[in-house]
Amino acid sequence: MTDRTRAHVFVSGRVQGVFFRDTTRQTAQAEGVDGWVRNLDDGRVEAVFEGEHAAVEAMVSFCHEGSPAARVDDVDVEYGDPEGVDGFRVRR
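The model shown is predicted, which means the values in this text are computed figures rather than measured ones.

## Structural notes on the overall build of the protein chain
- A count of helices and strands for the protein chain gives two helices and five strands.
- Counting from the amino terminus, the protein chain carries its helices and strands in the arrangement β-α-β-β-α-β-β.
- The C-alpha radius of gyration computed for the protein chain amounts to 12 Å, which stays within 12% of the reference 12 Å derived for 92 residues, consistent with globular compactness.
- Looking at the protein chain residue by residue over its 92 residues, the buried ones come to 41%.
- Across the protein chain, every contact between residues at least 6 apart in sequence was considered, and the portion connecting residues at least 24 apart equals 78%.
- Across the protein chain, the 11 positively charged side chains and the 18 negatively charged ones have centroids separated by 9 Å.

See the structure below:
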């Protein structure tokens, strides 16, 4: 059995309209992380990452930087047990 974890992340700053979601998807796929990412009406980005602990931590670290055009002001993370998300997608 693997050491899987889940991180539920909220990212604030200039994170919409700067390819944050697509860059997150590409990075998650490269890390082998399952989950999803979406824009929120309040201007934040919300994401869920499930996978090996080190890979999920790499995604949380990524969220502190984001896409090249992003400006991240804050990242809130809640950890929990994986819920069995399969694959990674951008939610609309």
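## A look at the pattern of salt bridges
- In total, this model carries seven salt bridges according to the counting rule given.
- Salt-bridge contacts for Glu50 lead to Arg6; the nearest nitrogen and oxygen are separated by 2.4 Å. Of the two residues, Glu50 sits in strand E3 (residues 45–52) while Arg6 sits in strand E1 (residues 4–14), which places them 44 residues apart along the sequence. Both residues of the pair, Glu50 and Arg6, count as buried.
- Residue Asp73 is joined to Arg71 by a salt bridge in which the shortest nitrogen-to-oxygen separation is 3.0 Å.
- Connected through shared salt-bridge partners, Arg6, Glu50 and Glu83 make up one network.

## Topic: the sheet that holds strand E2 (residues 34–39)
- Judged by pairing direction, the sheet is mixed, and its five strands sit side by side in the order E4-E1-E3-E2-E5 without closing on themselves. The sheet is open, and its two borders are formed by strand E4 (71–80) and strand E5 (88–90), each paired with just one other strand. Pairs of neighbouring strands in the sheet enclose a mean axial angle of 15 degrees, with direction left out of account.
- Strand direction decides the pairing type here: E2 and E5, joined by three bridges, are parallel. Residue Gly35 lies in a different strand from E5, and its bridge partner there is Phe88.
- Sheet strands touched by helix H1 (residues 20–31): E1, E2, E3, E4 and E5. Its angle to E5, the strand with the most contacts, is close to 175 degrees.
- Taken strand by strand, helix H2 (residues 53–63) contacts E1, E3 and E4, and its axis lies near 155 degrees from that of E3.

What counts, and where the lines are drawn
Residues numbered from 1 in each chain as written. Predicted model: local features only at pLDDT ≥ 70, side-chain atom pairs only at ≥ 80, totals over all residues. Heavy atoms only, no water. Helix = DSSP H or I, 4+ residues; strand = E, 2+ residues; numbered from the N terminus. Rg over C-alpha atoms; globule rule 2.2 N^0.38 Å. Buried < 20%, exposed > 50% of the residue type's maximum accessible area, 1.4 Å probe, protein only. Contact = heavy atoms within 4.5 Å. Lys, Arg positive; Asp, Glu negative; His and termini not counted. Charge placed at Lys NZ, Arg CZ, Asp CG, Glu CD. Salt bridge = Lys/Arg side-chain N within 4 Å of Asp/Glu carboxyl O. Pairing = 2+ DSSP bridges. Axes fitted to C-alpha atoms, helices over the stretch in contact; angles between N-to-C directions.

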